[in-house]
Amino acid sequence: MDLVSTSTSPFSCRICNQKAHGNHFGVLTCRACASFFRRAAFSKWSQLKCQKGGCSRNFCKRCRLKKCREMGMDTTKFQYNRDSFRATGQFQLPPPRSLASFVGRPELFLFCDTEAPNAKMLIDVRYLLEEAGRIINQGYETPASGKNQLENLTEGFKYIKVDMNNISSSKYASKDAIISMWEYYFFTVTRWLMYFEGFQKLNSHTQITLIQSVWNVWSRLHKYVATVDYHKANPDTLPTNVVIHNTLVDIENVEFDSTWLSDYPVEHVRRYLSVQHCREFDILGTLRKLNPSELEITYLFAQICFEHAGKRNQGDIMKVTEQFLDSLANDLHDYYVNEMNNSRYFLRLTQLLKINQAIQKGIWESRPKMELGRVFNVLKIEFSHPEMFEDSGYY
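Position labels on residues start from 1 in each chain and follow its written sequence. Per-residue local features are limited, in this predicted model, to residues with pLDDT of at least 70; the limit for side-chain atom pairs, both in listing and counting, is 80 or more; totals at the level of whole chains, interfaces and linings are taken over all residues. Excluding hydrogens and water, the side-chain figures rest on all heavy atoms present in the structure.

Let us look at the overall build of the chain. The number of helices and strands found in the chain is 13 helices and 10 strands. With a 1.4 Å probe rolled over the protein chains alone, any residue whose accessible area is under 20% of its type maximum counts as buried; one over 50% counts as exposed, and the rest are partly exposed. Put simply, the chain has 395 residues, and 49% of those count as buried. Long-range contacts, defined as pairs at least 24 residues apart, comprise 76% of the intrachain contacts of the chain with a sequence gap of at least 6. As presented, the chain carries roughly 20,600 Å² of accessible surface, and 51% of it is formed by carbon and sulfur atoms. Here a helix means four or more residues in a row that DSSP labels H or I, a strand means two or more in a row labelled E, and each is numbered from the N terminus. By definition in these notes, contact holds between two residues if any of their heavy atoms fall within 4.5 Å. Per-residue accessibility takes into account occlusion by the displayed protein chains alone, with areas from the Shrake-Rupley method and a 1.4 Å probe.

Shown next as C-alpha cells:
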C-alpha cells in the first residue's frame, strides 16, 4: 500500500515549496516566507519592477512579494494570540491507529503487491487534524464584535470570503489541486467556526468531530455561493464556469487526472464523483433570484453544517447542534424584524432553506451508490481517518 501525505512536499510552503511551518497571513508557509512578507508587505518592493523581467524559481524580492500576494497572503489576516494557548481544553491528537489495525491485517501481512488490481493507496490526513488543532488552540484570528452569535459568524465569513479579484483559472484538475482543495476547506471551516462562541466552549474531541462532519457539506455550499458571486461580477462568463476554492474551472471541459483515484476510465470516474450533484433544484438560480445578504448566507452555512452534523452523529452532538440552531434562529429573527423591518419573512426563509435541503438530498440519495462503489473498488484510495471523508464522494 502506497502512503501519500495531504501536502505536496510534504506540507510544503505555498511560496517557496520548502517545508511549511504553519498558517501565516492566511497562507500555509514556512517561517522564512512569513518573516519576509511581514517585512516587505509595505516596502518599496511592491512598487518596483523585476530586473529579470519575471522570476520563475529563484525569486527576487519583488517577485517573491508578488508570489506572496498571489497566494493570498494579506496583512489583515494577521493571527492574534499566535503563541497564547488555552490552559485547559487544549487540543491533542488522539494516539494514532497502527497501520496494522487500519488495514485489518497482522503486521506480518501488511505489505502487498502494488501492481495487484485491488491495491489501495493510503492517504495520510493526520496533518489536517494537527493543523486544525493548532488553529483551535490559537483562538479566532481577529476579535469578533457582533452583538450576537450570528453576527459574529458573519464577521468570520467575511474574513474568509473568496477575493474575486484574485481568482486564477485552471484547465487541469490534478491530484495536488484536489488535495490542496481539501486542505483549504478543512482549515477554512475551522477558522470560521472559531467565531462561534458555542463552538469555542466545546471540548476538543467534540470540536474536531464537528469539523470532520461539516467541512465537506460546507464546501459544497461555498462553491455555489462563490460561483454566483463570480457570475455577478463577470456576467459574460460561461455558464459552465464554477469557482472551487479560489480557482475558476469550466466544469464541462476541465481535464481530470483520475489515475491516482481509480483504475476505471476517466469518464466513469467523473460520473461516479458527480452522483451527489443536485439536478432537480436550481441552486444557482435561486441564489441569484433571492440575492441573500451576507448574514443570510452565513445562516445558510451554519444551518446546513449543524443540521448535517446532528443527523450524522446523533446523541450528544445532536443535542449540541440543536441548541446552536435554536440560538442562531433567534438571532436571524432579530435581524429580520428589527433591522430589516420584516416580520413576514417566512416565505423568503423557506426559499433559502430549499438550497440546503437540495444539497443534503443529493448527499443522502448518493449513499447507496457510494456503498456500491466501495464494493466494486471504484476508487483505489483509503484514508488514515476515513470518517473525515464520509459523504465526500472520495470514500
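Next up on the list: the nonpolar core. Residue types Ala, Val, Leu, Ile, Met, Phe, Trp, Tyr and Cys, when buried and joined through side-chain atoms within 4.5 Å, form a set referred to as a nonpolar core. Of all hydrophobic cores here, the largest spans 96 residues; its most connected members are W182, F186, W192, W218, I381 and Y394. Counting residues per element, this core draws most heavily on helix α8 (residues 204-233), which supplies 12 residues. Residues in contact with I381, not counting those within four places in the same chain, are K120, M121, I123, W260, L261 and Y394.

This part takes up the packing of aromatic side chains. Paired rings are identified among Phe, Tyr and Trp, the last through its six-membered ring, by centres lying within 6.5 Å, and are further divided according to the angle between planes into stacked (under 30 degrees), edge-to-face (over 60) and tilted (the rest). Overall, the coordinates contain 21 aromatic pairs when judged by the stated rule. On the basis of an interplanar angle of 75° and a centroid distance of 6.0 Å, the ring pair of F186 and W215 is categorised as edge-to-face. Remark: W215 occurs in helix α8 and F186 occurs in helix α6 (residues 175-193); sequence separation between them is 29 residues. Judged by relative accessible area, W215 falls into the buried class, the value being 3%. When the ring of W192 is compared with that of F301, the centres are 6.3 Å apart and the planes differ by 65°; the resulting orientation is edge-to-face. Here W192, found in helix α6, pairs with F301, found in helix α11 (residues 294-313); they are 109 residues apart in sequence, far enough to count as distant. Relative accessible area serves as the criterion here: at 1%, W192 is assigned to the buried category. Through a chain of ring-to-ring contacts, three or more aromatic side chains come together here, namely Y127, W182, F186, F187, W215, W260, F383, F389 and Y394.

The next subject is helix α13 (residues 346-375). Given 3.6 residues per helical turn, the α-helix brings residues three or four places apart onto the same face. The first and last C-alpha atoms of α13 sit 44 Å apart over 30 residues, in line with the 44 Å expected at 1.5 Å per residue. Directly beyond the C-terminal end of α13, a positive phi value near 50° is found at N377. To estimate the expected span of a helix, subtract one from its residue number and multiply by 1.5 Å.

Let us look at a positive patch on the surface. Patch membership needs two things, relative accessible area over 30% and no salt bridge, and members are linked within 9 Å if like-charged or within 5 Å if nonpolar (Val, Leu, Ile, Met, Phe, Trp, Tyr). By definition here, a salt bridge exists when the distance from a side-chain nitrogen of Lys or Arg to a carboxyl oxygen of Asp or Glu is within 4 Å. Just so you know, the count uses Lys and Arg for positive and Asp and Glu for negative, and it drops His and the chain ends. Here the site of a charge means atom NZ of a Lys, CZ of an Arg, CG of an Asp or CD of a Glu. Together, R38, R39, K44 and K61 give the surface a local cluster of positive charge. With respect to the element layout, K61 can be found in helix α2 (residues 61-70).

So, on to a nonpolar patch on the surface. Taken together, the side chains of Y264, L372, V375 and F376 present a nonpolar region at the surface, about 420 Å² in accessible area. Mapped onto the fold, F376 is located in the loop between α13 and β10 (381-383).

Once that is clear, we can look at the environment of V254. Structurally, the position occupied by V254 is in the loop between β8 (247-250) and β9 (255-256). Separated by 82 residues in sequence, V254 and Y172 have C-alpha atoms that sit 5.6 Å apart. Not counting the four nearest positions on each side in its chain, V254 is found in contact with S170, K171, Y172, A173, V249 and R270.

Here F346 shows up in helix α13. Residue F346 is classed as exposed on the basis of its relative accessible area, which comes to 66%. Sequence separation between F346 and H333 is 13 residues; the distance between their C-alpha atoms is 9.9 Å.

Here the focus is helix α12 (residues 315-339). Look at α12: 36 Å from first C-alpha to last across 25 residues, which is about the 36 Å you get at 1.5 Å a residue. For α12, the set of buried residues is I317, V320, T321, F324, L325, L328, D331, L332, Y335 and Y336. Here the buried face of α12 lies against α5 (149-160), α7 (197-200), α8, α11 and α13. Of the residues one or two after α12, N341 is the one with positive phi, at around 55°.

As a further point, take the pattern of salt bridges. Tallied over the full model, the rule gives 15 salt bridges. Ionic pairing is found between R348 and E296, a salt bridge with its closest N-O pair at 2.8 Å. With R348 in helix α13 and E296 in helix α11, the pair connects residues that are 52 residues apart, well separated along the chain. We classify E296 as buried; its relative accessible area is 4%. Here the salt bridges do not stand alone but share partners, grouping K147, D334 and E339 into one network.

So, about unusual backbone geometry. Non-glycine residue N17 carries a positive phi angle of around 70°. Mapped onto the fold, N17 is located in the loop between β1 (2-5) and β2 (22-24). The backbone of N341 sits at a positive phi, close to 55°, despite the residue not being glycine. With respect to the helices and strands, the residue N341 is situated in the loop between α12 and α13. Residue classification places N341 among the exposed residues on the basis of a relative accessible area of 70%.

A few words now on the sheet that holds strand β5 (residues 168-170). Spatially, the 3 strands line up as an open sheet ordered β5-β8-β7, and their pairing is mixed. Each having just a single partner strand, β5 and β7 (241-244) make up the two edges of the open sheet. Averaged over neighbouring strand pairs, the angle between their axes works out to 35° when direction is ignored. Should DSSP find at least two bridges between two strands, the strands are regarded as paired. With 3 bridges joining them, β5 and β8 adopt parallel strand pairing. Bridging from a neighbouring strand, S169 pairs with L248 of β8. Axis definition: a line fitted to C-alpha atoms, limited for helices to the stretch in contact. Angles are taken between N-to-C directions and run from 0 to 180 degrees.

By themselves, these observations are geometric and do not establish any function.
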